Amino acid sequence: MKLLNQIPNALTLTNLFCGTTAIILLINGLIPFTLMLMGIALVADVLDGAIARKLGINSDLGVQLDSLADLVTFGVLPSVMIYVAYSLYGHDKPDEILITVMAGLTAVSAGLRLARFNIDNRPREYFWGLATPAGGMLVAGWLWAQFVGRDYRLGMADSPWLGILIPLFLIISFQIPLRLPGMKSPKTGIITAFLLIGAGIVSFFVIGP
């Protein structure tokens, strides 16, 4: 039984490992492998909480570890993605220093959001503000669309100021106390979440990344 209780933490550490390794691969230009590792990390992040609830585990260590892993995978990694998108496709527009600052502030905002989540006493059935994995996947999808050449002129090359607007959107969205549905939400919230996921999947195959 004690071994089973360690499964959630093992999955959280998998998330952290994948996120850290993805950063290393990304700075070496291995974008497809970076995105695959981020996807694995996302699955691990979903499963660790689900299994912990199923087993009735409520660990302070697990809570802190989960936020630490999410900060790396869905905070720092997307920030590096923003800068890499600029480096590969930005053509020196906008200014490199501005992109660097905005990318860094994205990770800072994600860290603040996760820290506040750990001490937040509001019901956990909903997300309060944009969840960091959702923000991370937004940036990952944007980078992927540029990498495969299906960005529909919404990449750094044709719309360089998205390199500022996307980080700004995330910085603000992580902090706004807007109630958003999650997998722990009541029935209406879960239905909303599944509809959003379904719309995302359909859109992916219809218009691309």
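The rules behind these values
- Residues numbered from 1 in each chain as written.
- Predicted model: local features only at pLDDT ≥ 70, side-chain atom pairs only at ≥ 80, totals over all residues.
- Heavy atoms only, no water.
- Core = buried A, V, L, I, M, F, W, Y, C linked by side-chain atoms within 4.5 Å.
- Buried < 20%, exposed > 50% of the residue type's maximum accessible area, 1.4 Å probe, protein only.
- Helix = DSSP H or I, 4+ residues; strand = E, 2+ residues; numbered from the N terminus.
- Salt bridge = Lys/Arg side-chain N within 4 Å of Asp/Glu carboxyl O.
- Patch = residues over 30% accessible without salt bridge, like charges linked within 9 Å, V, L, I, M, F, W, Y side chains within 5 Å.
- Areas by Shrake-Rupley, 256 points an atom, 1.4 Å probe, with all protein chains shown as cover.
- Expected span 1.5 Å × (residues − 1).
- Contact = heavy atoms within 4.5 Å.
- Axes fitted to C-alpha atoms, helices over the stretch in contact; angles between N-to-C directions.
- Parallel < 35°, antiparallel > 145°, perpendicular 65-115°, else oblique.
- Left-handed = near helix turned anticlockwise from the far one by under 90°.
- Nonpolar A, V, L, I, M, F, W, Y, C, P; charged D, E, K, R; others polar.

Overview of the nonpolar core
Membership of the largest hydrophobic core comes to 33 residues, with the highest contact counts inside it found for L26, L77, M81, L143 and M156. Here this core gets nine residues from one element, more than from any other, and that element is helix 4 (residues 60–89).

Brief notes about the pattern of salt bridges
In the structure shown here, the tally under the stated rule is one salt bridge. Residue R153 is joined to D158 by a salt bridge in which the shortest nitrogen-to-oxygen separation is 3.7 Å. Looking at D158, the relative accessible area reads 39%, which means it is partly exposed.

Let's talk about a nonpolar patch on the surface
Taken together, W144, F147, V148, F194, I197, I201, F204 and F205 make up a surface patch of nonpolar side chains, about 770 Å² in accessible area. The set of elements that each furnish at least two residues to the nonpolar patch consists of helix 6 (132–147) and helix 8 (187–207). Checked against the element boundaries, W144 lands in helix 6.

Digging into helix 6
Taking 1.5 Å per residue, 16 residues should reach 22 Å; helix 6 reaches 23 Å between its end C-alpha atoms and fits that length. Those residues of helix 6 not exposed but buried are T132, P133, G135, G136, V139, A140, G141, W142, L143, A145 and Q146. Each element contacted by the buried residues of helix 6 is listed here: helix 2 (7–27), helix 3 (31–55), helix 4, helix 5 (96–119) and helix 7 (162–173). G149 sits one or two positions beyond helix 6 and adopts a positive phi of about 75°.

Looking at the environment of M102
With respect to the helices and strands, M102 occurs in helix 5. Sequence separation of M102 and S159 is 57 residues, and the distance between their C-alpha atoms is 16 Å. Ignoring any residue separated from it by four or fewer positions in sequence, one finds M102 in contact with I164, P167, L168 and I171.

Some remarks on the packing of helix 3 against helix 6
Helix 6 packs onto helix 3 with a crossing angle of 160° between their chain directions and a minimal axis gap of 11 Å. Taken together, helix 3 and helix 6 sit at an angle that is classed as roughly antiparallel. Our pair here, helix 3 against helix 6, has a crossing hand that is left-handed. Together, I31, P32, L35, M38, L42 and D45 of helix 3 and P133, G136, M137, A140, L143, W144 and F147 of helix 6 make up the contact between the two elements. A breakdown of the residues in the contact of helix 3 with helix 6 according to their chemical character gives 11 nonpolar, one polar and one charged.

That's the geometry; what it means functionally is another story.
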